[in-house]
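# Secondary and tertiary structure notes
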Amino acid sequence: MEIINGKKIAKEIKSDLAKEVEQLKRLGVNPALTVILVGNDSASEIYVRSKAKACAEIGISSNILRLSKKIEQKELINLISRINQDAKIHGLLVQLPLPDHLDEDVVVQSVALEKDVDCFCAENVGRMFFGKGEILSCTPAGVVELLRRSGVGIAGKDVVIIGRSRVVGRPLAAMLINLNATVTVCHKQTKNLSEKCAQADILISAAGQAGLVIEEMIKPGAVVIDVGINRTKEGKVVGDVVWSAAERRASLATPVPRGVGPMTIAMLLKNTIIAANIAAKKLNKKQVTK
Ligand code: NAD
């Protein structure tokens, strides 16, 4: 079995993106991302810091706005509206989860479409589903890019995805259908999960359950992509797939860590640059029509 090294592939992507950032800067556009963090969830703090670090690595400026967990929804939406109007900020994301008194859907939908680098706004999601979107969901886009850069053909393949969340399973299914795969999406109420998985040329697990994917679920020679991130009692980070099972059955597989995770961040950077390009085009149009 060959290992798909997500960390290495993400590094290559980031080095290409750094060149795009330089080009934008030469045109007078400084790509900038703002991250809103409400409250002090420790996992979210780690995520936003790693996003900021990745931005710095390739020359994107980033700003983390840390807000009180007691902030009122109206105040938060007003802040988002102000950032929406700020031409110097190209990407805006609200780190989830939000405290219970805030309506995540309303908050997320208030981000301007052209700054929605997480691809959570309904219109962007719709465009992505029909294969028309420029900005794509980060983790699914990361999975597709991993497959592409590992030379895995997608058209005509039988793909099984475990998980139907809004951030991974559903958008990933849409993207793979658009690339002409035959996709089965499984979830907690799916019957005969093992049998379904065992038919997959490409098996993708995004369930968040350590030890879920065992040997009998992997078709010999399949490509196995493990999106899951789980912490064991001993504090070790593992995926959903039993690694020794993948080693015995798969032809290619992603490890956890250093698999899909680094790709998610690389795709966030890519989306921020796409957003900066959209802003640059708008600016140009205005200057030409003046
Ligand atoms: P979620 O809890 O929103 O969704 C999990 C999905 O898996 C649900 O649809 C559920 O029905 C399904 N599922 C769970 N257990 C199952 C089982 N035993 N059998 C069949 N289906 C099952 O989670 P999410 O936000 O989609 O994240 C999923 C996992 O991926 C988590 O471990 C998360 O940490 C990880 N994740 C990783 C990245 C990354 O960058 N690598 C990004 C996002 C999420």
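Values in this document were obtained by computation on a predicted structure and should not be read as measured data.

Take helix 7 (residues 169-178) next. In terms of residue burial, helix 7 counts as a mostly covered element, since seven of its 10 residues are buried. For helix 7, every residue scored as buried is listed here: Gly169, Pro171, Leu172, Ala173, Ala174, Met175 and Leu176. Close packing links the buried residues of helix 7 with helix 5 (122-129), helix 6 (138-149), strand 5 (158-162), strand 6 (182-186) and strand 7 (202-205). Asn180 occupies a position one or two residues after helix 7 and carries a positive phi of about 75°.

Another point: the sheet that holds strand 11 (residues 252-253). Pairing in this open sheet of six strands is parallel, and the strands run 1-11-8-7-5-6 from one edge to the other. Taken across any chain shown, the strands that pair with only one partner, and hence form the sheet edges, are strand 1 (2-3) and strand 6. In the sheet, strand 5 pairs with strand 6 via five bridges, with the strands oriented parallel. Bridged to Val159 within strand 6 is Val183. Sheet contacts for helix 7: strand 5, strand 6 and strand 7; angle to strand 5, the most-contacted strand, approximately 170°.

Applying the stated criterion across every chain, the model contains 13 salt bridges. A salt bridge links Arg149 to Glu145, with the nearest nitrogen and oxygen atoms 2.9 Å apart. Taken as a pair, Arg149 and Glu145 lie in helix 6 at a separation of four residues, close to a single helical turn. The class of Arg149 is partly exposed, set by a relative accessible area of 38%. Among the ionic pairs, Glu215 bridges to Arg249, the shortest N-O distance being 3.7 Å. Of this pair, Glu215 sits in the loop between strand 7 and strand 8 (223-226) while Arg249 sits in helix 9 (residues 243-249), and the two are 34 residues apart along the sequence. You can call Arg249 partly exposed: its relative accessible area is 27%. Through salt bridges with shared partners, a single network forms among Lys14, Lys53 and Glu57.

In this section: the side chain of Lys115. Counting through the fold element by element, Lys115 comes out in the loop between helix 4 (104-109) and helix 5. Buried charge Lys115 goes without a salt bridge, the closest partner of opposite sign being Asp86 at 5.9 Å. Within the local environment of Lys115, its side chain forms a polar contact with the backbone oxygen of Asp86, the two atoms lying 2.7 Å apart. If we ignore the near neighbours within four places in the chain, the residues touching Lys115 are Ile83, Asn84, Gln85, Asp86, Ile89, His90, Gly91 and Leu92.

Turning our attention to the domain arrangement of the protein chain. Each domain of the protein chain was delimited in the assignment, giving domain 1 (17-112) and domain 2 (138-261). The distance between the C-alpha centroids of domain 1 and domain 2 comes to 29 Å.

Each value, and the rule that gives it
Residues numbered from 1 in each chain as written. Predicted model: local features only at pLDDT ≥ 70, side-chain atom pairs only at ≥ 80, totals over all residues. Heavy atoms only, no water. Buried < 20%, exposed > 50% of the residue type's maximum accessible area, 1.4 Å probe, protein only. Helix = DSSP H or I, 4+ residues; strand = E, 2+ residues; numbered from the N terminus. Contact = heavy atoms within 4.5 Å. Pairing = 2+ DSSP bridges. Axes fitted to C-alpha atoms, helices over the stretch in contact; angles between N-to-C directions. Salt bridge = Lys/Arg side-chain N within 4 Å of Asp/Glu carboxyl O. Lys, Arg positive; Asp, Glu negative; His and termini not counted. Polar contact = N/O pair within 3.5 Å; in protein donor to acceptor, adjacent residues only side chain to side chain. Domains from an automatic or database assignment.

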